[in-house]
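Chain and residue survey
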Amino acid sequence: RVFENVHIVQRAKGGDELWLGISKLTKAKTLSQVLNDLRDTLYNDIVSGLDGVREKVLDVKEDSYLLNHDIDDILDTSNSFEDHLERLRFVIFFGYESSFLTIPETKGHEADLYQEAYDLFVDFISDITKSPEYSQFNFELYLYPAPSFDDLCGLVEKKMRDDM
């Protein structure tokens, strides 16, 4: 399954939310295709596999260390997940290497970087007009451009070693 993260988000009104998330880092040059493949896998998991995800979360969550919540009705597979769409959120964190971010920094790259992210977002949502059944889902797409994931991973590893 595609979901890697599960969060219960408390709300004052309207019932708590269940956030199911994906994190993807890529060095691929075909960013739009990688992101769209991820979106299609996500759609497939929502439509054909969300009950399995809900059952697993219900089985493994341990209420004794969680804040009080009211998500059990969302997780109960005897209810359709469509009955709770306003309380389900699908969060995608997509990190990618961008040629517009360089070390040392190239001055004046911001407009190109913004356009790159905008184009990825527009391409990601383009299917909603062709497949309106997906427009009812709550998606949050976070794009994280980076100059080099090799350098980033090296810095994280060094920080972890230094902190031990």
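**Focus: a nonpolar patch on the surface**
Taken together, the side chains of Leu25, Phe93, Tyr142, Tyr144, Leu152, Val156 and Met160 define a hydrophobic patch exposed on the protein surface, amounting to about 630 Å² of accessible area. Among the secondary structure elements, those contributing two or more residues to the nonpolar patch are β4 (139-146) and α5 (149-163). If you tally residues by element for the nonpolar patch, the top one is α5, at three residues. Along the polypeptide, Val156 turns up in helix α5. A relative accessible area of 43% places Val156 in the partly exposed class.

**So, the nonpolar core**
One finds Phe3, Leu42, Ile46, Leu50, Phe90 and Phe94 to be the most contacted residues of the largest nonpolar core, which totals 32 residues. Considering each element in turn, this core owes the most residues, ten residues, to helix α1 (residues 31-60). Non-local contacts of Phe3, meaning those with residues more than four positions away in its chain, are made with Leu20, Gly21, Ile22, Leu42, Asp45, Ile46, Leu50, Val53 and Phe90.

**Section: helix α3 (residues 110-125)**
Residues spaced three or four apart along an α-helix face the same direction, because each turn holds 3.6 residues. If you check α3, its first and last C-alpha atoms are 23 Å apart, about what 16 residues at 1.5 Å a residue would give, namely 22 Å. What α3 keeps buried is the set Leu113, Glu116, Leu120 and Phe124. The buried residues of α3 occupy one face: seen down the axis, they fall within an arc of 70°. Looking at α3, the residues exposed on the side facing more than 90 degrees away from the buried face are Ala111 and Tyr114. Looking at the packing, one finds that the buried side of α3 touches α1, β3 (88-97), α4 (127-130) and β4.

The rules behind each value
- Residues numbered from 1 in each chain as written.
- Predicted model: local features only at pLDDT ≥ 70, side-chain atom pairs only at ≥ 80, totals over all residues.
- Heavy atoms only, no water.
- Patch = residues over 30% accessible without salt bridge, like charges linked within 9 Å, V, L, I, M, F, W, Y side chains within 5 Å.
- Areas by Shrake-Rupley, 256 points an atom, 1.4 Å probe, with all protein chains shown as cover.
- Salt bridge = Lys/Arg side-chain N within 4 Å of Asp/Glu carboxyl O.
- Helix = DSSP H or I, 4+ residues; strand = E, 2+ residues; numbered from the N terminus.
- Buried < 20%, exposed > 50% of the residue type's maximum accessible area, 1.4 Å probe, protein only.
- Core = buried A, V, L, I, M, F, W, Y, C linked by side-chain atoms within 4.5 Å.
- Contact = heavy atoms within 4.5 Å.
- Expected span 1.5 Å × (residues − 1).
- Arc of directions from axis to C-beta.

Purely geometric stuff here, so don't read any function into it on its own.
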